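Structure assessment
Chain residues, written in single-letter form:
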Amino acid sequence: MERSPGEGPSPSPMDQPSAPSDPTDQPPAAHAKLDPGSGGQPAGPGAAGEALAVLTSFGRRLLVLIPVYLAGAVGLSVGFVLFGLALYLGWRRVRDEKERSLRAARQLLDDEEQLTAKTLYMSHRELPAWVSFPDVEKAEWLNKIVAQVWPFLGQYMEKLLAETVAPAVRGSNPHLQTFTFTRVELGEKPLRIIGVKVHPGQRKEQILLDLNISYVGDVQIDVEVKKYFCKAGVKGMQLHGVLRVILEPLIGDLPIVGAVSMFFIRRPTLDINWTGMTNLLDIPGLSSLSDTMIMDSIAAFLVLPNRLLVPLVPDLQDVAQLRSPLPRGIIRIHLLAARGLSSKDKYVKGLIEGKSDPYALVRLGTQTFCSRVIDEELNPQWGETYEVMVHEVPGQEIEVEVFDKDPDKDDFLGRMKLDVGKVLQAGVLDDWFPLQGGQGQVHLRLEWLSLLSDAEKLEQVLQWNRGVSSRPEPPSAAILVVYLDRAQDLPLKKGNKEPNPMVQLSIQDVTQESKAVYSTNCPVWEEAFRFFLQDPQSQELDVQILYLDSSEICFPTVPGSPGAWDVDSESPQRGSSVDAPPRPCHTTPDSQFGTEHVLRIHVLEAQDLIAKDRFLGGLVKGKSDPYVKLKLAGRSFRSHVVREDLNPRWNEVFEVIVTSVPGQELEVEVFDKDLDKDDFLGRCKVSLTTVLNSGFLDEWLTLEDVPSGRLHLRLERLTPRPTAAELEEVLQVNSLIQTQKSAELAAALLSVYMERAEDLPLRKGTKPPNPYATLTVGDTSHKTKTVSQTSAPVWDESASFLIRKPHIESLELQVRGEGTGLLGSLSLPLSELLVADQLCLDRWFTLSSGQGQVLLRAQLGILVSQHSGVEAHSHSYSHSSSSLSEEPELWGGPPHITSSAPELRQRLTHVDSPLEAPAGPLGQVKLTVWYYSEERKLVSIVHGCRALRQNGRDPPDPYVSLLLLPDKNRGTKRKTSQKKRTLSPEFNERFEWELPLDEALRRKLDVSVKSNSSFMSRERELLGKVQLDLAETDLSQGVARWYDLMDDKDKGSS
């Protein structure tokens, strides 16, 4: 991409049509004459008809009372009745609005000229395009052609739906095998073309038309699934938009035009009237959602950059280029700032006016970007840069909308629109643009970047980009357009079933997927994919063909790998040589073996979650009981539930083995735990590219699809090291950063490559077995594939295991035959790997049965954390010996790896000295208190209690509450989790307070050990407390100590 060489003159605003000069001009009056009648009463229905009408009206009103009766019969509260009534009224309101809109639109299209004459006083926005814009022509002749063709188009649509669409729907799901179209009518109201605009002089080989279309039809399409007695359909719809039609290429032979391309430049507006079961889609909330989903489907087919191509001549050249042409250019949008925004935040029911928390949405076609939120600011400074691809000039518009972020619904602050043609004309456009629909201005700098077809200036562009500061993403140097055409002869699924193939394309952390083509091994996609490239010299495209609803990957194609793109290359067949090959001494794993990493995921806390719990039929608003679900690399994790808290602290650590495959994402979802169905509290995704490259990520992530909420995560990549020199230190560090709520942290990663076996025992003495192998470490197992009828199977499979205690764990191997049981086993203590060269053993192992050997490679890698926080702290402060939560502030600091294991061991010996005073009458609590000066935080770790007092028949349910005196508000209060029925609870939880050291020395830490009195009571029983004067405590050492608990009247120390 190359920047435009110079700046043109600033474009002038578009001339607007002038208003009528004579204010007295009025539209022609429309007179309606009423017929007063002739004095006699019209003939009415008979007595029987009147009685039937009265009974029918009475029956309808009686039906309204049935829900009320049923609610009382089953004992439901009145809230359910009111909710159902509100739902019905909302549905009725949406339905009436749609019917009114359809009637008004039909009336307008029935007699456009007369209504136009009557409504000349209306704004230009309400007039047809041919009235407002002189270059838009009225095409009534075209509408007459469409009206005459319309019935035949309806016949074609009926045939298409019945013969093509319906069989495809029936084949897509076994539950839809009785799906049929029972009625297909396009109605009598044809599509109308309100205006036609021709763009002359764009290109000589093409004709460019913009059709302003409006369809207000009485279409009726009914479908039925007979198996489930389900009927649904559409009765009436509206569709309005600008359809661009491109006639290209122009050729010197009939039919002169080689192909027709059609697409919507912007999303059209859609309104649908539903029937049958789909009536439910007219419920408020579902109505907009259903229309949005349908518009997304239309956008994926007919909105830029997607287009419909209809070739008119056979053997048309460059069909891919016509279907997915290269973008016309790139616009680099610098969203700099805004000023003079309106204030939307109100306090004390509007009596006190605040400011706003603005953010901006930047759109171009289907490309959308969202800026960060600037809190409490009417003149925000964003300083963000986005890059968008421009496909059509003129026509496409840059749109910027500014909103005020709120917990419920964001307030609109204004919008601006700008045609991309002005940016192309100016080259560089830097200006303040007024916001329409609000007040204030937004500052944009827009640069037009041209696309070059050669790499002559690539180094110059890369050098220029290195000096450009851009966020949230670095500037791009090129774009890559991939046209996916088709595939042939893909392998069938098990049972010779036709697959449902799709393609996944990835460049670093950007992954795009094709549509799935059902039931074929020769799919045709005809799709284009576009990527921004920061450095084309170092980036790679990863292409994988996947089968839908299957974990099978057919062809992973990695550039640069031998034979990756050579489909016709022949591979040698095993056993083709007459002479048996010599027995190998070592394994031959592929290049990817042993390259895995361990991702350590620390789920810390969340803030501002939405409240989902409701009581008394929704009249009383509660809180939420949140928990977190994680999905990565085919594995799922779930945190514990924090009860009744919108700002929960989980402080849990999860570990998962990951590879370096690009495009991986960590999926995070937050839920509210309920008795029936858990409520959704938000989701977010984290790309692993940054973590795998830098090794560490610490961020607050905004939860999506909910009004408010954010989640604090820390991710660290642990790379295995082939040396045991740091193992002791790793074990000690893991004991320090271990959290009580998480599983024991891994100290090493074991990678096993199972290549082959030989001389396995035969079945019944003569028949070869069907062997497979099972690898087990602790609770984790891996089973290889089964090789049919051989005593010398070749598996060529690998597995990885997280190792927590390498000194005592072992690898258990069993070779079994299907139907024959155990053929042999092997137990390999991992302590043997710790003394091996490079922590690796690669050789033949004899099975315990005495018959048979296996060739495998087992290698161990020590997982050394560079961001645990212990190393960064060990050179200046001491730590507790007990396991504790990871320290948030230390993760963010620079890594220090110079701490020594002897220093940690010395500290552990010091704090775990057995020469401790016996516990007092109320018991003791173990605390670590120190001040972390770099982050200006006071840190306290509650390790546990011992010898607590038991007042009743049952042991207490203790927890520890901490308070920084003299403040007694919730801001300084901290509380551990509660332990059930124990006198010696273990907590190992960390708490922090942000305050200067001099202020911390003026405080006292009040520590109370409490227990719940009963299940139904909110009262708490005090088991004992201790008060630490921080001025008399050495906050630089951070040593864990036992403190005697005292009564409330006598608060002491150790």
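All of these numbers come straight from a predicted model, not from anything done at the bench. (Residues numbered from 1 in each chain as written. Predicted model: local features only at pLDDT ≥ 70, side-chain atom pairs only at ≥ 80, totals over all residues. Heavy atoms only, no water.)

Helix and strand counts for the chain come out as 17 helices and 52 strands. Of all 1054 residues assigned to the chain, the portion counted as buried reaches 44%. Put simply, of all contacts in the chain between residues at least 6 apart along the chain, 65% involve residues at least 24 apart. Per element, the accessible surface of the chain, about 57300 Å² overall, is 53% carbon and sulfur. (Helix = DSSP H or I, 4+ residues; strand = E, 2+ residues; numbered from the N terminus. Buried < 20%, exposed > 50% of the residue type's maximum accessible area, 1.4 Å probe, protein only. Contact = heavy atoms within 4.5 Å. Areas by Shrake-Rupley, 256 points an atom, 1.4 Å probe, with all protein chains shown as cover.)

Before going further, it helps to spend a moment on the side chain of Gln 206. Position of Gln 206 among the secondary structure elements: in the loop between strand S4 (192-198) and strand S5 (207-225). Beyond its immediate sequence surroundings of up to four residues, Gln 206 is in contact with Ile 246, Leu 247, Glu 248 and Leu 250.

The full count for this structure, using the stated rule, is 29 salt bridges. When the shortest N-O distance is used, the salt bridge between Glu 447 and Arg 445 registers 3.5 Å. Owing to a relative accessible area of 6%, Glu 447 belongs among the buried residues under this scheme. Residue Arg 445 is classed as partly exposed on the basis of its relative accessible area of 24%. In this structure, the salt-bridge partner of Arg 643 is Asp 625, at a minimum N-O distance of 3.8 Å. Note that Arg 643 is positioned in the loop between strand S30 (635-638) and strand S31 (649-658) and Asp 625 in the loop between strand S28 (620-621) and strand S29 (626-632), a separation of 18 residues in sequence. By relative accessible area, which is 9% here, Asp 625 ends up buried. Among the charged side chains, a salt-bridge network with shared partners connects Asp 210, Arg 244, Arg 307 and Glu 392. (Salt bridge = Lys/Arg side-chain N within 4 Å of Asp/Glu carboxyl O.)

Take the UniProt feature "transmembrane region" (unreviewed entry) in the chain next. UniProt annotation of "transmembrane region" (unreviewed entry) refers to residues 62-91 and 245-265 when read in the numbering used here. Its end C-alpha atoms 10 Å apart, residues 245-265 is made of 0% helix and 43% strand. (UniProt positions renumbered as here; feature names shortened; annotations may be inferred.)

A word on the packing of aromatic side chains. Taken as a whole, this structure holds eight aromatic pairs when the rule is applied. Where Phe 403 meets Phe 412, the ring centres are 5.7 Å apart and the plane angle is 65 degrees; that geometry is what we call edge-to-face. Residue classification places Phe 412 among the partly exposed residues on the basis of a relative accessible area of 28%. An aromatic cluster of three or more residues is present, and its members are Tyr 359, Phe 403 and Phe 412. The ring centre of Tyr 627 lies 4.0 Å from the NZ or CZ of Arg 638, which sits over that ring. The side chain of Lys 975 reaches across the aromatic face of Tyr 959, ending 5.6 Å from its centre. (Phe/Tyr/Trp six-rings, centres within 6.5 Å; stacked < 30°, edge-to-face > 60°. Lys NZ or Arg CZ within 6 Å of the ring centre and 35° of its normal.)

If you look at the biggest cluster of nonpolar residues, it comprises 37 residues, and the most contacted ones within it are Leu 750 and Val 854. Residues contacting Val 854, with those up to four places away along its chain left out, are Met 754, Arg 756, Ala 757, Leu 813, Val 815, Leu 826, Arg 843, Trp 844, Phe 845 and Leu 847. Counting residues in hydrophobic clusters, the runner-up holds 31 residues, among them Phe 637, Val 670, Cys 684 and Val 686. (Core = buried A, V, L, I, M, F, W, Y, C linked by side-chain atoms within 4.5 Å.)

A word on helix H10 (residues 458-466). The α-helix advances 3.6 residues per turn, and as a result positions three or four apart in sequence lie on the same side. The complete set of buried residues in H10 reads Leu 458, Val 461, Leu 462 and Asn 465. On an axial view of H10, the arc spanned by its buried residues comes to 100 degrees, and they lie on one face. Projecting away from the buried face of H10 at angles above 90 degrees are the exposed residues Gln 460 and Gln 463. As for H10, its buried residues are in contact with strand S10 (329-339). (Arc of directions from axis to C-beta.)

With 10 of 11 residues buried, strand S26 (residues 597-607) is to be regarded as a mostly interior element. Pairing geometry for S26 and S31, over eight bridges, is antiparallel. Among the inter-strand pairings, Val 603 is bridged to a residue of S31, identified as Glu 652. Across nine bridges, S26 lies against strand S35 (residues 710-718) in antiparallel orientation. Paired with His 602 across the two strands is Arg 714, which belongs to S35. (Pairing = 2+ DSSP bridges.)

With an omega of -5 degrees, the peptide bond running from Glu 248 to Pro 249 counts as cis. Tracing the backbone shows Pro 249 in the loop between strand S6 (230-247) and strand S7 (259-264). Here the residue pair Leu 965 and Pro 966 is connected by a cis peptide bond, since its omega of 10 degrees sits within 30 degrees of zero. Within the secondary structure layout, Pro 966 lies in the loop between strand S47 (958-965) and strand S48 (974-975). Phi at Glu 644 takes a positive value of approximately 50 degrees, unusual for a residue other than glycine. Examined against the element boundaries, Glu 644 turns out to sit in the loop between S30 and S31. A positive phi angle is found at Asp 759, which is not glycine, with a value near 55 degrees. With respect to the secondary-structure elements, Asp 759 resides in the loop between strand S37 (748-758) and strand S38 (771-777). Here Asp 759 falls in the partly exposed class, since its relative accessible area comes to 49%.

What follows deals with the environment of Trp 930. When you line up the elements, Trp 930 lands in strand S45 (residues 924-932). Note on Trp 930: relative accessible area 0%, which makes it buried. For the pair Trp 930 and Ala 1040, spaced 110 residues apart in the sequence, the C-alpha separation amounts to 9.8 Å.

What follows is about the sheet that holds S29. Here four strands make up an open sheet; going across it, the order is S30-S29-S32-S33 and the pairing antiparallel. Looking at which strands have only one partner, the edges of the open sheet turn out to be S30 and strand S33 (679-687). Along the sheet, successive strands turn relative to each other by an average axial angle of 20 degrees, direction set aside. Pairing analysis gives six bridges linking S29 to strand S32 (residues 665-672), with the strands arranged antiparallel. Looking at the pairing, Leu 630 lines up with Val 668 of S32. (Axes fitted to C-alpha atoms, helices over the stretch in contact; angles between N-to-C directions.)

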